[in-house]
Amino acid sequence: MTGTRRTVAALFLLPALVLLGALVVYPIGYSVIRSFYDQSGDSFAGVDNYKALFTDEGIRTALKNNIIWVVFAPTIATALGLIFAVLTERVRWGTAFKLVVFMPMAISMLAAGIIFRLVYDQDPDKGVANAVWVGVHDTFAEASAFPKAHPGRESPLEPAKGGGFVTKAPVHTGQAVTLPLVGVAPDQMPDSAKNAAAPKADPGKITGTTWQDFTRGKGVGKLNAVDSAELGYAGMKIEAVKDGEVVATAKAASDGTFTLPASADGAVLRLPASNFKEAYNGLDWLGPALVTPSIIGSYIWMWAGFAMVLIAAGLAGIPRDLLEAARVDGANEWQVFRKVTVPLLAPVLAVVVVTLMINVLKIFDLVFIIAPGSSQDDANVLALELYRKGFSEDQPGIASAIAVFLLLLVIPVMWFNIRRLRREVRR
């Protein structure tokens, strides 16, 4: 190459070099210098800002969360991508499945954050996560229809040890017992509830009624007496307890009536605590304990498709004769996958994991949008803490130190990735 060609090449590269210097080199250099100065930028602070990285409680929490992100997010996303890539090779609709899994990559982090803020809403009527969780929970442990029910004035019931309510006096055969309760709004009563019926005495049994002893309107209805407009507590469980043991049980009919056998004579009647169990509202996904795993879940939803596409491309380059040879030698599908497919995909898997590690070290958007103010400190990461120190708390020196620290964390990972890519090119 002649000197003239070098000059022409330099002129063509000059605009790119100027932009690179202005947008990359200068900001990095200025951040390094600024990290050694105090908040005002006038006094030299030495390494005080870097000491704050390991003494400030907020930064330490952010560093701990970044470690969790780096360990779990790339690993799980890559594992899911590998599973999806392998399985979709075996189905005819694999291309459609890949399209659906990869589609979240087309969504911005901002939009994904808004979506998952709604997904993790505490209210099961709004949040999809809790709607599913509550649905599964209630399949095995259904909530009571009377969580707010309690005895009213001059009631024959009193609170029981361990929850629920018991009659103040024992009951006997031939007695008609009334168990009035209040506290459940009429529109919250079960659909099966019908107008309450007064109990009719039976000489050989104990009969009774449990009902909502409340009628709307001033002066309407009689206290502790069954009125025609009042509703029975359909499905209420009643236990006869004698000497601390349950000797008989009954379940109220739709009109609130129930019948106990003669064996309940002399027992007290108990409405167990299970009748008044509060409705299950699911998990606090965005609470202090679960906010970081929940946000990592949203990240995996977005990036598992990226991992799947890259791994699928690597999978397509594996010689099929190696897989067939392993099968001919007697290896089952799991052994082929573990001892042939995964080792041959190791370079691709390494590139995917390292790329995602670089990405999660800089994660900001999802944490900032999804984590509510009450738990944002618990979900804090270094990039978010950099933003908070630099703009909310006006501590540019510490913010610059965080930026330099992040750069130092990213450089080894980038160097490893570049070396691996160069080796791949030489092959």
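Reading guide: rules and limits
Residues numbered from 1 in each chain as written. Predicted model: local features only at pLDDT ≥ 70, side-chain atom pairs only at ≥ 80, totals over all residues. Heavy atoms only, no water. Helix = DSSP H or I, 4+ residues; strand = E, 2+ residues; numbered from the N terminus. Rg over C-alpha atoms; globule rule 2.2 N^0.38 Å. Buried < 20%, exposed > 50% of the residue type's maximum accessible area, 1.4 Å probe, protein only. Contact = heavy atoms within 4.5 Å. Lys, Arg positive; Asp, Glu negative; His and termini not counted. Charge placed at Lys NZ, Arg CZ, Asp CG, Glu CD. 1 Å grid on protein atoms, 1.4 Å probe; cavity = no way out; pocket = protein on both sides within 12 Å on 5 of 7 lines; lining within 4 Å. Points joined across faces, edges and corners; volume = space filled by probe spheres on them. Nonpolar A, V, L, I, M, F, W, Y, C, P; charged D, E, K, R; others polar. Axes fitted to C-alpha atoms, helices over the stretch in contact; angles between N-to-C directions. Parallel < 35°, antiparallel > 145°, perpendicular 65-115°, else oblique. Left-handed = near helix turned anticlockwise from the far one by under 90°. Pairing = 2+ DSSP bridges. Core = buried A, V, L, I, M, F, W, Y, C linked by side-chain atoms within 4.5 Å.

Undergrad: How should I be thinking about the overall build of the chain in this particular structure?
TA: A tally of helices and strands in the chain yields twelve helices and eight strands. Over its C-alpha atoms the chain spans a radius of gyration of 34 Å, topping by over 25% the 22 Å that the globule rule assigns to 427 residues. Overall, the C-alpha framework of the chain stretches about 120 × 75 × 40 Å when taken along its three principal axes. When the 427 residues of the chain are sorted by exposure, 39% land in the buried category. Sequence-distant contacts in the chain: of pairs separated by 6 or more residues, those separated by 24 or more amount to 69%. Here the chain contributes 39 positive and 37 negative side-chain charges, whose respective centroids are spaced 10 Å apart.

Undergrad: Just checking my understanding: could you explain the layout of surface pockets for this structure?
TA: To find the voids left in a structure, one rolls a probe of water-molecule size over its atoms. Roughly 390 Å³ of volume is contained in the largest pocket. Surrounding the largest pocket, 13 residues form its lining, Lys 362, Ala 403, Leu 406, Leu 407 and Val 410 being those nearest its centre. Of all the secondary structure elements, the ones that give two or more residues to the lining of the largest pocket are α1 (3–34), α11 (382–392) and α12 (396–426). Here the element with the most residues in the lining of the largest pocket is α12; it accounts for six residues. Of the residues in the lining of the largest pocket, the class split is eleven nonpolar, one polar and one charged.

Undergrad: How do you make sense of the packing of helix α3 (residues 57–88) against helix α9 (residues 333–361) when you look at a structure like this?
TA: Helices that pack against each other are described as a pair by the angle of their axes relative to one another and the distance between those axes. The interhelical angle for the contact between α3 and α9, taken along N-to-C directions, is 140°, at an axis separation of 9 Å. Between α3 and α9, the interaxial angle falls into the category oblique. Between α3 and α9 the crossing geometry is right-handed. Facing α3, whose interface residues are Asn 66, Trp 69, Val 70, Ala 73, Pro 74, Ala 77, Thr 78, Leu 82 and Val 86, α9 presents Phe 337, Val 342, Leu 345, Leu 349, Val 352, Val 353, Leu 356, Met 357, Val 360 and Leu 361. A per-class count over the contact of α3 with α9 returns 17 nonpolar, two polar and no charged.

Undergrad: Please explain the sheet that holds strand β4 (residues 206–212) as it appears in this structure.
TA: Sheet strands associate in pairs through backbone hydrogen bonding, adopting either a parallel or an antiparallel arrangement. If you trace the three strands from one edge of the open sheet to the other, you get β3-β4-β7, paired in mixed fashion. Taken across any chain shown, the strands that pair with only one partner, and hence form the sheet edges, are β3 (176–181) and β7 (257–260). This sheet shows a mean twist of 25° between the axes of neighbouring strands, independent of strand direction. As defined by bridge partners, β3 adjoins β4 across six bridges and the pair is classed as parallel. Looking across to β4, one finds that Ala 176 is bridged to Thr 207.

Undergrad: What should I look at first to understand unusual backbone geometry in this one?
TA: Most peptide bonds adopt trans geometry, and most residues besides glycine take a negative phi value. Even without glycine at this site, Asn 224 takes up a positive phi of about 60°. Looking at the secondary structure, you find Asn 224 in the loop between β4 and β5 (237–242). Overall, the relative accessible area of 21% leaves Asn 224 in the partly exposed class. Not every positive phi belongs to a glycine, and Asp 243 is a case in point at roughly 55°. Considering the arrangement of structural elements, one finds Asp 243 in the loop between β5 and β6 (245–251).

Undergrad: Is there a simple way to think about the sheet that holds β5 in this case?
TA: With respect to topology, five strands assemble into an open sheet ordered β1-β2-β8-β5-β6, the strand pairing being antiparallel. Where the open sheet ends on each side, the last strands, each with one partner, are β1 (157–159) and β6. For this sheet, the mean inter-axis angle between neighbouring strands, taken without regard to orientation, is 30°. Across six bridges, β5 lies against β6 in antiparallel orientation. Note that in β6 the partner of Lys 242 across the bridge is Glu 245.

Undergrad: Quick question: what am I supposed to make of the nonpolar core here?
TA: Soluble globular proteins: nonpolar side chains tend toward being buried together. Formed by 53 residues in total, the largest nonpolar core has its most connected members in Trp 69, Ile 295, Tyr 299 and Leu 366. Taken together, the elements giving at least two residues each to this core come down to α3, α5 (109–119), α7 (291–316), α8 (320–328), α9, α10 (365–370) and α12. By residue number, the principal contributor to this core is α7, which donates 14 residues. Discounting chain neighbours no more than four positions away, the residues touching Ile 295 are Trp 69, Leu 366, Val 367, Ile 370, Ala 371 and Ala 379. Counting residues in hydrophobic clusters, the runner-up holds 27 residues, among them Phe 165, Leu 260, Leu 271 and Phe 276.

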